[in-house]
Each structure stands twice: as C-alpha cells, then as structure tokens.
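# Architecture and fold: a report
Chain by chain, the residues:
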Amino acid sequence: MKGFFLLLFSFSVFIGHTQDLLIKHINIIDVNNNEIQYGRTILISNGKIQKISKRSIKTNNAVVINGKGKFIIPGLWDMHVHTADSSYLKLFIINGVTGIRDMGGAAINANNGCESIGLEKLMIWRKLIQSGLLIGPRMFFSGPPVSNTGWPTSININTPESAQNAVRKLKELGVDFIKVYEDIPLDTYLALAKEAKASGLSIAGHVPVKTVSLIEASNAGHRSIEHIRDPLLLCFTDNREEVLRFFKEDDWSKTDIEWGLKQFEQNADVIQAFKKNKTWLVPTLTVEWAKVAIRDSLFVNSERRRILPESVREAFDNYVAKKLILTSKERKSDSLWWATQKLLVKKMHQERIPFMAGTDCACEGGIPGYSLHKELELFVDAGLTPFEALQTATINPIKFLNMTDSLGTVEIGKIADLVILDRNPIENISATQLIFSVIKNGQLISKKHIKRIKEDLSTYENIR
Ligand SMILES: [Zn+2]
C-alpha cells in the first residue's frame, strides 16, 4: 500500500488542473492526406480540440503555447508492449506515446526482458489514468495469453472445450482482446476464434504456425499478426530461388526447405486473404533489429536503460551475454535474417498490407517510449516514406481500434492527445524525437515537465 501512495505521489506532482490551451502559429500534420496546414491556432478545452482557425482565437485564461515553426501530430501509439513497471507509463508519455496495446504476460523471469506486470495492476493503472490521478497512456490489454506451451503465465488450451472456457474466463476478467501464442492445435485455434467472435473479442498475436496456416488464421479473424516469422517471410518471397538461397545461407535442413517452399506456394493466396479479411501486421522491427544491434555498444550500454527495473536490465544483460558468444556463422545468419525482414516489409508494403508500429518493449533491450521512435526509423529504413511510417503509429492504430471518431487526427472535436515537435516529421522521421511538448487528454506536459519527469525517473529506485 505504501508503494501505491508513493506511486500516486510521484505522478501527481505533475498533474495540475486542466486548463484551456491555446496553441498559436502551429503547423498541423494531416496524417490522412499527407498535407500540412500552416500557421493555425488551436483551442483545447475540456480535453478536446474545440477550435482550429487560420486567425487568432479569443479566450480567457488559456495557457498560450507559441507553436511558431513547430509541427503538431496526433499522439503516438505503440501497439505491442509488455508493461512490467509503473516507470514505463512515464517513459511512454514523455516520448509522446499516448496510447499502448499491452500484449500480456510473457513468462515470469523472462530471460530476455519481456516481463509483464499482469492484468490486475494494469486495470488499476488504467482507472487511475482515466480519472486523471496518474499520467500515462491510454491502454488496451489482453491479460494472460492463450497458448499450448505450458507456461505458468498463459492460459493453456489444447481442446476446443478448453478454448471456449479460456474465452469465457478472459471475458470475465475484462480483457480488451485475446493474445494468441504458440503450439495450439488447429481445431482448438478455430474454436477459440469462433468463441472469441461470439463474445465480441478479437484475437491477435502470434500465428501458431506449426499447426495453423496464415490463410487459416486470417480467415478465422486473427486481426493483427505480430512479428515476422518464417512463414510470412517465405510467403512474400519473389521466387523459389530466393527461398532456397535463404535456407541455404541460413543452413536449414531438407525438411525445413520443403516446409518453406510450401509456404511460398501460397504466396498469392495469403496476400488475397490478408486484404479480404483486413489482417494487420505488426512486424516489431525494433526487437528484430536488436539481434544485430547487439554488437553496437551505444545500444547495449544505453544510459536510458538504467531507468528500467533491475530484473529487466539483468534479463537484457543475459541476452547480450548469450549473443556475444555466437559463432561468426550464427552472426552472419542473424544479419541475413534482419536484411530479409526489411525486404519483406518493403514487399508487404508494396502489396498495401497495412502496418502498425509495435516494439515489443522491453524485450531484448527495447526501452519503452524511446523504442517507438526507433521503430519508425526502421520502417523508413525498410522502404516506407516518413509519412507512411508516421501513419503506422497514429491513424493506423486508431483505425484498427475503431476509434476514428474520437482520436487519430488533429481535428475539431477530437480528444486532445497530441505531440508538438520542433521539426517536420514527414521530411525526416527522426523529428518525432524532437518533442517540444505532449498533450494527453487536453493536459499539457511541457518541456519543463518532461525534464522534471526525466530527473524523477533517474532517482526512481529511491521512491519506488
Ligand atoms: Zn511480445
């Protein structure tokens, strides 16, 4: 209980009563149309954008923000996180991440940093955030994943009946969607999808590829596929030679090659299924990039990681230690894997399969909030334009969540979750890191506040 009050205190010092905000001379990024509305005045009141004008707006008592030369975008979303600690909430907000989708309980003592705090805590935090007592992002969560891996933090299913029971249990717990994990038999998976649909819940997560094909998953209503796994990679390959080269260079077995070619042959059908069923992809590039970034001391020794809980830091150290003893052949394979993934993103993008930004933080060295900006850079690296990359963290998640009426753009009537940037992100995506201030639910978190939160986080161990 003591910890709870300290937590509240540590946040509440930054929460003032919500005042009207008047942003002058700001340039608005239109994330639907790749356009900029220059030199606008925006009035924010009662948590919403009330007016946008080319002229000045008269108000009493509004806090005035000079937006001259700056750019305003909708709040960012990280659509794949594992929240392990309350410090993450602050890290998201100071990075302009005003919304997250928590993908639930990774294994306790995960050896790669993918810890998750569990549903009960997330529910308490969400309530506190909604009531304005705590600063943090909007949250969607899955609670415990369903899988057939036998993990203690999952709900294990291996028959259609157990799948139905799992959906009922999760519904009772009050989750927003169901996170699917590995090794689920096909009949169980299909029963899960059917029961989830009947209960008004969607399914998302890994496709259990040993038992379920991508087409079966897409047709069953698997709304977002997380990570780029082998079958995805192979389905979007151009020709048989490319498949064979990938397996040869990666030193895979004959059975694997047969399996790979079978995936490849479904290529066109997978693309059609994804389009027909509106299946979204969350490639979690940051966590894949970590495999090669592990040789970059700037990444490994990032000062920012000190903010994370000790157990997450230790898990990352273990992960690094494991990677550092790889043979040169294994390293080459990691590099090839990463290069192929980027190629795949490019191809899926050419097919107009929609993406969302998700970072899998704090798995494998991802730092909540900061990793989202890396994800956007990696999307550009893989062939998206900066504008398209920006969409993956703004309007795309809001479309996915069916919330375009209230969020996702800078328009009159929308909830004021916004980020003001010093530079234009559609010229250079790295500008999303140049944060002047964040507005969450109409509440200003100014540059000064962000600085104070950072200072507070650096002494965080003392107050927790
Ligand atoms: Zn994950």
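Residues numbered from 1 in each chain as written. Predicted model: local features only at pLDDT ≥ 70, side-chain atom pairs only at ≥ 80, totals over all residues.

## Here we look at the overall build of the protein
Summing up its helical and strand segments, the protein has 19 helices and 17 strands in all. Relative to the globule expectation of 23 Å for 464 residues, the C-alpha radius of gyration of the protein, 22 Å, shows essentially globular dimensions. Overall, the C-alpha framework of the protein stretches about 70 × 50 × 50 Å when taken along its three principal axes. For the protein, the proportion of its 464 residues judged to be buried stands at 47%. For the protein, contacts bridging at least 24 residues in sequence account for 71% of all contacts bridging at least 6. (Helix = DSSP H or I, 4+ residues; strand = E, 2+ residues; numbered from the N terminus. Rg over C-alpha atoms; globule rule 2.2 N^0.38 Å. Buried ≥ 20, exposed ≤ 12 C-beta atoms within 10 Å, placed from the backbone. Contact = placed C-beta atoms within 7 Å.)

## Some remarks on the nonpolar core
Counting residues in each nonpolar core, the largest one holds 132 residues, and the members touching the most others are Ile 72, Ile 178 and Leu 192. Two domains each put at least three residues into this core: domain 1 (2–72 + 408–463) and domain 2 (76–400). Contact partners of Ile 178, with chain neighbours within four places excluded, come to Ser 142, Val 146, Val 167, Leu 170, Ala 196, Leu 201 and Ile 203. (Core = buried A, V, L, I, M, F, W, Y, C linked by C-beta atoms within 7 Å. Domains from an automatic or database assignment.)

## A short note on the packing of helix H8 (residues 240–249) against helix H9 (residues 254–265)
Running from amino to carboxyl end, H8 crosses H9 at an angle of 150 degrees, the nearest separation of the two axes being 10 Å. Every pair of crossing elements has a handedness; the one defined by H8 and H9 is right-handed. Here Arg 240, Val 243, Leu 244 and Phe 247 of H8 lie close against H9, whose contacting residues are Asp 256, Ile 257, Gly 260, Leu 261 and Phe 264. Within the contact of H8 with H9, the residues separate by chemical class into six nonpolar, one polar and two charged. (Axes fitted to C-alpha atoms, helices over the stretch in contact; angles between N-to-C directions. Left-handed = near helix turned anticlockwise from the far one by under 90°. Nonpolar A, V, L, I, M, F, W, Y, C, P; charged D, E, K, R; others polar.)

## Some words on the confidence of the model for the protein
Taken residue by residue, the protein gives an average pLDDT of 90. The fraction at 70 or more is 94%. Below a pLDDT of 50 lies the segment residues 1–6, which in the model reaches three contacts outside its immediate sequence neighbourhood of four places, other chains included. Note that pLDDT drops below 50 for residues 9–16; the model gives that stretch 11 contacts with residues more than four away or on any other chain. (pLDDT = per-residue confidence, 0-100.)

## Describing the pairing of strand S13 (residues 222–226)
Counting buried positions over the five residues of S13 gives four, a clear majority of the element. Taken together, the three bridges between S13 and strand S14 (residues 280–282) define a ladder with parallel strand orientation. In the sheet register, Ser 224 faces S14, and the bridge partner there is Trp 280. (Pairing = 2+ DSSP bridges.)

## Some details on the sheet that holds strand S6 (residues 76–81)
The strand order across the open sheet formed by three strands is S6-S7-S8, and the pairing between neighbours is parallel. The strands lining the two open edges of the sheet, one partner per strand, are S6 and strand S8 (138–141). Each neighbouring strand pair of the sheet contributes to a mean axis angle of 15 degrees, computed without reference to strand direction.

## Concerning the pairing of strand S16 (residues 435–440)
S16 sits mainly inside the fold: five of its six residues count as buried. Relative to S16, strand S15 (residues 418–421) runs antiparallel, the two being bridged by four bridges. Residue Leu 418 lies in a different strand from S16, and its bridge partner there is Ile 439. Of the pairings in the sheet, the one linking S16 to strand S17 (residues 443–445) comprises three bridges and is antiparallel in character. Among the inter-strand pairings, Val 438 is bridged to a residue of S17, identified as Ile 445. Count of turn residues in the S16/S17 antiparallel hairpin: two residues, of which Asn 441 carries a positive phi of about 50 degrees.

## Quick word on the domain arrangement of the protein
The domains assigned to the protein are domain 1 (2–72 + 408–463) and domain 2 (76–400). The C-alpha-based centres of domain 1 and domain 2 are spaced at 29 Å. Listed per partner, the contact involves 30 residues of domain 1 and 25 residues of domain 2. Class assignment for the residues of the side of domain 1 that touches domain 2 results in 17 nonpolar, nine polar and four charged.

## What about the packing of helix H11 (residues 285–293) against helix H15 (residues 370–381)?
Interaxial distance between H11 and H15 falls to 9 Å at its minimum, and their mutual angle equals 85 degrees. Considered as vectors, H11 and H15 are oriented roughly perpendicular to each other. The segment H11 lies against H15, with Leu 285, Thr 286 and Trp 289 engaging Ser 371, Lys 374, Glu 375, Leu 378 and Phe 379. Taken together, the residues of the contact of H11 with H15 break down into four nonpolar, two polar and two charged. (Parallel < 35°, antiparallel > 145°, perpendicular 65-115°, else oblique.)

## Some points on H11
Those residues of H11 not exposed but buried are Leu 285, Thr 286, Val 287, Glu 288, Trp 289 and Ala 290. If you follow the buried residues of H11, they end up packed against helix H14 (328–350) and H15.

## Quick word on the environment of Val 312
Of note, Val 312 is situated in helix H13 (residues 310–324). Residues in contact with Val 312, not counting those within four places in the same chain, are Ala 84, Gly 113, Glu 115 and Ala 362.

## Side note on unusual backbone geometry
Here the residue pair Cys 361 and Ala 362 is connected by a cis peptide bond, since its omega of 5 degrees sits within 30 degrees of zero. Mapped onto the elements, Ala 362 comes out in the loop between H14 and H15. Of note in this structure, Thr 284 is not a glycine but carries a positive phi near 45 degrees. Position of Thr 284 among the secondary structure elements: in the loop between S14 and H11. Take Thr 284: there are 28 C-beta atoms within 10 Å of it, and that puts it in the buried class.

## So, the environment of Asp 20
Inspection of the secondary structure assignment puts Asp 20 in the loop between helix H1 (2–12) and strand S1 (21–30). Remark: the alpha-carbon pair of Asp 20 and Thr 255, spanning 235 residues in sequence, is separated by 64 Å.

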